Amino acid sequence: MPSLSIVGGYLGAGKSTVVNRLLAGVLPGRTAVVVNDFGAVNIDASLISSRGEDTIELTNGCICCQITDDVQRTMTALARRSDLDHVVCEVSGVGDPGQLASWRRFPGFTAGPVLVCADATAIRRLLRDEFVGDTVARQLAAAETVLVTKTDLASPAEVDDAAALVHAGAPHVPVHRQDPLDPARTLGEVLAPGPVATTGGDTDPSEPSTVRPASPGTGPVAAAPSHDDAHASRHRSVTIPCPSVVEIEPLLDHLQRLPERVVRAKGVVRDEAGAWHEVHLAGGRASAAPLREGAQPPEGPCLVLIAAGPEAESCARDSADTLLSLLGG
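Before going into details, it helps to say that this report is about the structure given with it. Keep in mind the model is a prediction, meaning the values are calculated, not measured.

**Notes on the overall build of the chain**
The secondary structure content of the chain amounts to 10 helices and 15 strands. Once local pairs closer than 6 in sequence are excluded, the contacts in the chain between residues at least 24 apart make up 74%. For the chain, the computed accessible surface area is about 15000 Å², with 52% contributed by carbon and sulfur atoms.

Spelled out as structure tokens, the structure:
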């Protein structure tokens, strides 16, 4: 019977990176990962053995499923499979992983941990943010184990500070610091079968370090999380069709100068030489990297901007207009 684990964390915390590592096979056996959108996961086309409307099967045995409006249908199909060892569900960046955790009681699964990712470079600022701080705090409170990510981009003092903040928000759970040299190893330990591994983790010595069991429910499955909850309503997104050719460094500079209320940007663009690049804005930092060899290029270059706060919609649209003007789109 496969374990069902939940992966959550705020926008830009590193959930998509976790998903890609899981699909690369960091866990023993066969893993299925359930995501909101295939487009957010760059899967090497050479590793795809078959593809359906909602399912991609890889040559290494792992499976990527795109969740539909009918969550129960997706979970039922996975629970009925006899060839899976792990199922991992990714929660949206503004979602509450505690709501999806009830699906671990669905017949056919054993309960894995609720893992929440916390960006070492941004968690202090996010918790203090008047518009998103309660969302981040709620995510931490729902955690059964926490992975402090982006330790390769943070100083040792920042990592220590992030771990302390996470302890304050989730005082009874293990906190793992991602190994900057071997992050896949850390992830494999955190999501290993059985009790949450504590190797490399920080715990309060006065508290037990095992995973808290899921709270009993009144029925076999609780309702799926609403897409219109208060947290999601504070965020708005807009998609920008980019010019066919973009200069990467000026684009990163423009992204870096966007208002602080633009909490996330991601997309794929093409440079003057015709090469595709993944572009991200997360934790106030803009970055770009060549699209992984073998990954399927998009139909066209585009960026998605996500803004937070009471004026999120106007901020996202104004920022998109500004960016398009600067890019000559």
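**Description of the pattern of salt bridges**
Evaluated as defined, the whole model comprises 16 salt bridges. One salt bridge connects E144 with R104, and the closest N-O pair in it is separated by 2.8 Å. Of this pair, E144 sits in the loop between α5 (133-141) and β8 (145-149) while R104 sits in the loop between α3 (97-100) and β7 (110-119), and the two are 40 residues apart along the sequence. Salt-bridge contacts for D161 lead to R124; the nearest nitrogen and oxygen are separated by 2.6 Å. With D161 in helix α6 (residues 156-169) and R124 in helix α4 (residues 123-128), this residue pair connects regions lying 37 residues apart in the sequence. In this structure R124 comes out as partly exposed when scored by relative accessible area, which is 32%. Through salt bridges with shared partners, a single network forms among R30, E57, R81 and D83.

**Description of the nonpolar core**
Y10, I123 and V146 are the most contacted members of the largest nonpolar core, which has 27 residues in total. Listing elements by their share of this core, those giving two or more residues are β7, α4, α5, β8, α6 and β15 (302-308). Broken down by element, the residue count for this core peaks at 5 residues, all from α6. With residues up to four places along the chain from it excluded, the contact list for V146 reads L115, V116, A118, L140, V166, V173, P174, V175 and H176.

**With respect to the environment of S92**
Mapped onto the fold, S92 is located in the loop between β6 (86-90) and α3. Sequence separation between S92 and N36 is 56 residues; the distance between their C-alpha atoms is 7.2 Å. Contacts of S92, omitting those with residues within four sequence positions, involve G9, K15, N36 and Q139.

**Examining the environment of H235**
Looking at the secondary structure, you find H235 in strand β11 (residues 235-241). Judged by relative accessible area, H235 falls into the buried class, the value being 7%. Here the alpha-carbon distance between H235 and A316, two residues 81 residues apart in the chain, equals 9.2 Å. Excluding residues that lie within four positions of it along the chain, H235 makes contacts with Y10, L11, V94, V132, V263, I306, A307, A308 and A312.

**Some remarks on α5**
Taken as a whole, α5 has its buried residues at G133, T135, V136, Q139 and L140. Burial along α5 is one-sided: seen end-on, the buried residues are contained in an arc of 165°.

**Examining the state of the cysteines**
If you walk through the whole model with that rule in mind, you get 0 disulfides. The thiol of C242 is unpaired, and the distance to the nearest cysteine sulfur, on C302, comes to 6.7 Å. A residue is classified by how much of its surface remains accessible, and C242, at 10% relative accessible area, is buried.

**A few points about the packing of helix α9 (residues 248-256) against helix α10 (residues 312-327)**
In contact at an axis separation of 11 Å, α9 and α10 are set at 155° when each is read in the N-to-C sense. Comparing the axis directions of α9 and α10 gives the class roughly antiparallel. In this structure, α9 meets α10 at a crossing whose hand is right-handed. Facing α9, whose interface residues are L251, H254 and L255, α10 presents L323, L326 and L327. Looking at side-chain class alone, the contact of α9 with α10 contains 5 nonpolar, 1 polar and no charged residues.

**Focus: the sheet that holds strand β14 (residues 285-290)**
Reading across from one edge, β11-β15-β12-β13-β14 is the order of the 5 strands in this open sheet, with antiparallel pairing throughout. Since the sheet does not close on itself, it has two edges, and those belong to β11 and β14, each with one partner. The mean angle between the axes of side-by-side strands here comes to 10°, regardless of whether they run parallel or antiparallel. Bridge count between β11 and β15: 7 bridges; the pairing is antiparallel. Note on β15: the bridge partner recorded for H235 is A308. Running at roughly 155° to β14, α9 makes contact with β12 (262-270), β13 (276-282), β14 and β15 of the sheet.

**Quick word on the packing of aromatic side chains**
Counting across every chain of the model gives 2 aromatic pairs. Considering the side-chain rings of F106 and F109, the 6.3 Å spacing of their centres and the 50° angle between planes classify their relative orientation as tilted. We classify F106 as buried; its relative accessible area is 8%. Relative accessible area serves as the criterion here: at 7%, F109 is assigned to the buried category. Put simply, the rings of W103, F106 and F109 touch in pairs and so form one group of aromatic residues.

Rules and cut-offs
Along each chain, residues carry numbers from 1 onward, in the same order as the chain's sequence is written. Only residues with pLDDT of at least 70 are given local features in this predicted model, and only at 80 or more are side-chain atom pairs given and counted; all residues enter the totals for whole chains, interfaces and linings. For the side-chain quantities, the full set of heavy atoms in the structure was used; hydrogens and water were omitted. A helix here means a DSSP run of H or I that spans at least four residues, while a strand means a run of E at least two residues long, and both kinds are numbered starting from the N terminus. The contact rule is simple, with two residues in contact once any of their heavy atoms fall within 4.5 Å. For every accessible area listed, the method is Shrake-Rupley and the probe measures 1.4 Å; residues are considered covered only by the protein chains on display. Salt bridges are defined by distance alone: a side-chain nitrogen of Lys or Arg within 4 Å of a carboxyl oxygen of Asp or Glu. Buried means the residue's accessible area, taken with a 1.4 Å probe over protein chains only, is under 20% of the maximum for its type, while exposed means over 50%, and partly exposed covers the values in between. Among buried residues, those of type Ala, Val, Leu, Ile, Met, Phe, Trp, Tyr and Cys that are joined through side-chain atoms within 4.5 Å constitute a nonpolar core. Throughout, the arc means the angular range of directions from the helix axis out to the C-beta atoms. Note on terminology: pairs of cysteine sulfur atoms within 2.5 Å are recorded as disulfides. Lines fitted to C-alpha atoms define the axes here, with helix axes fitted over just the stretch in contact, and angles between the N-to-C directions of these axes take values from 0 to 180 degrees. Roughly parallel here means an angle under 35 degrees, roughly antiparallel means over 145, roughly perpendicular means 65 to 115, and every remaining angle is called oblique. Crossing handedness is read from the near helix: turned anticlockwise from the far helix by less than a right angle, it gives a left-handed crossing, and turned clockwise, a right-handed one. The residue classification treats Ala, Val, Leu, Ile, Met, Phe, Trp, Tyr, Cys and Pro as nonpolar and Asp, Glu, Lys and Arg as charged. All others, Gly included, are polar. Two strands qualify as a pair provided DSSP detects at least 2 bridges between them. Within 6.5 Å between ring centres, the rings of Phe, Tyr and Trp (the latter by its six-membered ring) count as paired, and their orientation is classed by plane angle as stacked under 30 degrees, edge-to-face over 60, tilted in between.

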